[in-house]
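Chains, contacts and geometry: an overview
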Amino acid sequence: MHPQRVALVAVLLCNILPSTALPQARRALTADDYARAERALGPATGRLVSGIPGRPIWLPDGRAEYRVSTGTGWQFVLVDPRRRTRTAAFDHARLAQAVSSAVGRSVTGDSLPFFSFDLSSDGKQLTFDVTGSADGGGSARAPRRVKCDLTAYRCTAESTRRAPPPNSILSPDSTRAVFIRDNNLWMTDLTSGTETTLTTDGVEDFGYGTNNAGWVKSDEPVVTWSPDSRKIATFQHDGRGVSRMYLVRTQVGAPELQAWRYPLPGDSVIFRIQRVVIDLTGPTPQLVRLQMPPDAHRSMVSDHVACGGRICDLLWYPDASAIAFVSSSRDHKHAWVRVADAHTGAVRTLLEEQAKTQVGEVGVAQNWRVLPGSNELIWWSERDGWIHLYLYDLTTGRLKNPITSSDGNVESIVYVDERARTIYFSGQGMEKGRDPYYRFLYRIGFDGRGQTLLTPEDADHQVTMAPDGASFIDSYSTPVTPPVTVLRDRNGRAVVPLERADISRLVAAGWHPPTQITLKGRDGTTDIFGLMFTPSRLDSAAKYPLVDYIYPMPSGSVGPRSFVPARSDHQALAELGFVVVAIDGMGTRGGRSKTFRDAAYGKMEENTLPDQVAAVKQLAARYSWIDRDRVGIWGHSGGGFATAAAMFNYPDVFKVGISESGNHDNRNYEDDWGERYQGLLVKSGESDNYAAEANQLHAANLRGKLLLAHGGMDDNVPPYNTYLVVDALIKANKDFDLLILPNARHGYGRDSNYMMRRRWDYFVRNLLGAEPPREYEIGKQNPPVP
């Protein structure tokens, strides 16, 4: 072609076709950038903090012991309230030598092979249990009791002590253990080794002590021992006719099918429990069946009936003559406090609680006590809009008087002094002008008079009370200030300083604390609280994309208000060039009113999202370096549900989302969750009252970038929840990304770091507009500390 004609054609094409200039190269993050971010994770930050004590254990003689972290391990401390002293519990180096000789393997003074111990009142004899093989290989063997003479520092090990059977529950005196065999309860005497069958008529789907709520299950029995170790409260778990759940494990050859009972909202049959007491005082066990219909498998304080190996909402009388317990209706709108005679099984109802939404809340402490000595019951209720305590007659069920009454919640009963008729309790939201999520210790009389604040520092207080109520150990901190631990007397006066956490190495390594933020909720008036994580090298002239980490009701996004050097991967993500926030919206618990906590009852699709949207707008207006047009969101489980809902229902706000293991349609999740927060499923023609909150019905609204992830063996939130959304997105012809971790359970286990890296990559590529390093491996080695 003639040169002039080529030029003419080129000019014409430039005028007709859109610009096709080569795009500018995207910024690329390096492995060093990811390694620097990794140094903000828990494994790296935790080892740079010392002076944080473990939970104190009170000894029978009135002293307390605890482990405290050091720069290289742990040391044990002994606190004597009477002498008002804090001392090392023993010479750690000398004891390590003596223990090494006794157990046949080398130990050091800051890595002694026990977490707690018994100490004689004269301080000369130390006793503890140690497990593991003689060569330190960790093979299973019976625990050995080691006794040490602290005057000569000589130790001897008893190797004949029997180990409790696997998946058993120990008696309070540690002499017997109960376990499940062939759907029945059995007991092992740990002194003689004798096994005794406690029940005989248990069969499949109708066994004793069965630990299955559908979404969670265990081989351990659900039992509550009496204080004297001579009786057991438990139940016969009725799963007959309950729906089954199915999962298939991926492996070479034929796949493995897993099936178990898993009720769903609206099912005609759910789990029931028939309550029983087993009396061990005679020559043969006696089973006493309570004289009442079966209870629904429900609790005031959990979506299971097991609370830490015990039965939720159940207390033994001190003399083991009776049990007090709570029966909850299937829809959680009614709860009945009952007392059963442990000898006859006769049951009487003391009182009933009712609510239009729910009686109780998942995660709330069991704030009640039975006091047969004074014939009284300390009970808790939200009837006036807050969690308060009330005093009842234990025989008639008559209300004697309210105990607490101010705004704010009783978080937990810490100690009851029956002689002085006073209650020590942890409260939230009672101190005006302070973070309502901070816990403070108070004392109040049974008559509701004399409420007194005992821990005045403006911080979150974790308290462990002495058994006699004469003193307590208080460790207080905030999300940005490390803990200070003191011994206080019963009036709250600090009498012995114990620990002051040292974060100097953490700070020297570049640790950057979060910012505590207060915003307004969806209504423009209600305060909501959160944490903001920013890059440690923040450039105020730059614009940073915002990532909103979300977990909706009931627990919220922020987590504890005490000091934690690393919260999830929030700061790590911030170091990659983001601003990360975690905000507790309306519908979450803490020191908030029942109205606040019930904000999303019956409309789970809200997921605190109206508050998250309001917060994003306020933050962008408050901080010029937040880019309002680049907002991402992620969450796991309930947070995965909320993330997909945010992407579908607020596409103008959230541009990138990562939804992990979400319960996207609560008709496909365990019965107790939906029926507690959404209400009983009610059909209306072809639809029902759950349909509006199902994410797949809104999937066609997707406009941003969405990554869905799920564990293929998730037996909590089955993966079919995510498959519903995937199917809807395909039918709507939407682009999206999907990651299935084939054999992972709900928390992902060994795949967790892989998921974290993929999450970083997704936000870096789609929200930051950069390229991540290829296949960076988190946790491959401990990141170097600068």
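Refer to the structure above for everything that follows.
The notes below deal with the structure included here. Just so you know, these numbers come straight off a predicted model, no measurement behind them. (Residues numbered from 1 in each chain as written. Predicted model: local features only at pLDDT ≥ 70, side-chain atom pairs only at ≥ 80, totals over all residues. Heavy atoms only, no water.)

**Re the nonpolar core**
In plain terms, the rule: We call a set of buried Ala, Val, Leu, Ile, Met, Phe, Trp, Tyr and Cys residues a nonpolar core when their side-chain atoms join them within 4.5 Å. Throughout this description, buried means an accessible area under 20% of the type-specific maximum (1.4 Å probe, protein chains only), exposed means over 50%, and partly exposed covers the range between. Here, two residues are considered to be in contact whenever any of their heavy atoms come within 4.5 Å of each other.
Judged by nonpolar contacts, the single largest core of 42 residues is most densely connected at M532, I583, L619, I626, F648, F654 and L729. Dropping the residues within four chain positions of it, L729 is found in contact with F648, A699, L702, L706, L708, K734 and F736.

**Let's talk about the sheet that holds strand 12 (residues 184-189)**
Rule in force here: Between any two strands, at least two bridges found by DSSP are needed for them to pair. Counting from the N terminus, the helices are DSSP H or I runs at least four residues long and the strands are E runs at least two residues long.
Taken together, four strands build an open sheet; the order of strands is 10-11-12-13 and the sheet is antiparallel. Looking at the sheet topology across the chains shown, the edges are occupied by strand 10 (169-170) and strand 13 (195-197). Bridging between strand 12 and strand 13 involves three bridges; their strand directions are antiparallel. Pairing of M187 across the sheet is with T196, part of strand 13.

**Regarding the sheet that holds strand 5 (residues 85-88)**
Pairing is antiparallel in the open sheet, where four strands are placed in the order 2-3-4-5. The open sheet has two free edges, formed respectively by strand 2 (57-58) and strand 5, since each of these has just one partner strand. Pairing analysis gives four bridges linking strand 4 (residues 74-80) to strand 5, with the strands arranged antiparallel. From the neighbouring strand, D80 faces strand 5, where its bridge partner is T85.

**Let's talk about unusual backbone geometry**
Note on backbone geometry: most residues besides glycine have negative phi, and most peptide bonds are trans. Between M553 and P554 the backbone carries a cis peptide bond, its omega angle lying at 0°. Following the sequence through the fold, P554 ends up in the loop between strand 44 (544-549) and helix 6 (570-575). Despite not being glycine, T608 has its phi angle at roughly 65°, a positive value. Considering the arrangement of structural elements, one finds T608 in the loop between helix 7 (594-597) and helix 8 (609-622). Residue classification places T608 among the buried residues on the basis of a relative accessible area of 2%. A positive phi angle, close to 65°, is found at S637, a residue other than glycine. On the basis of relative accessibility, which here comes to 11%, the residue S637 falls in the buried class.

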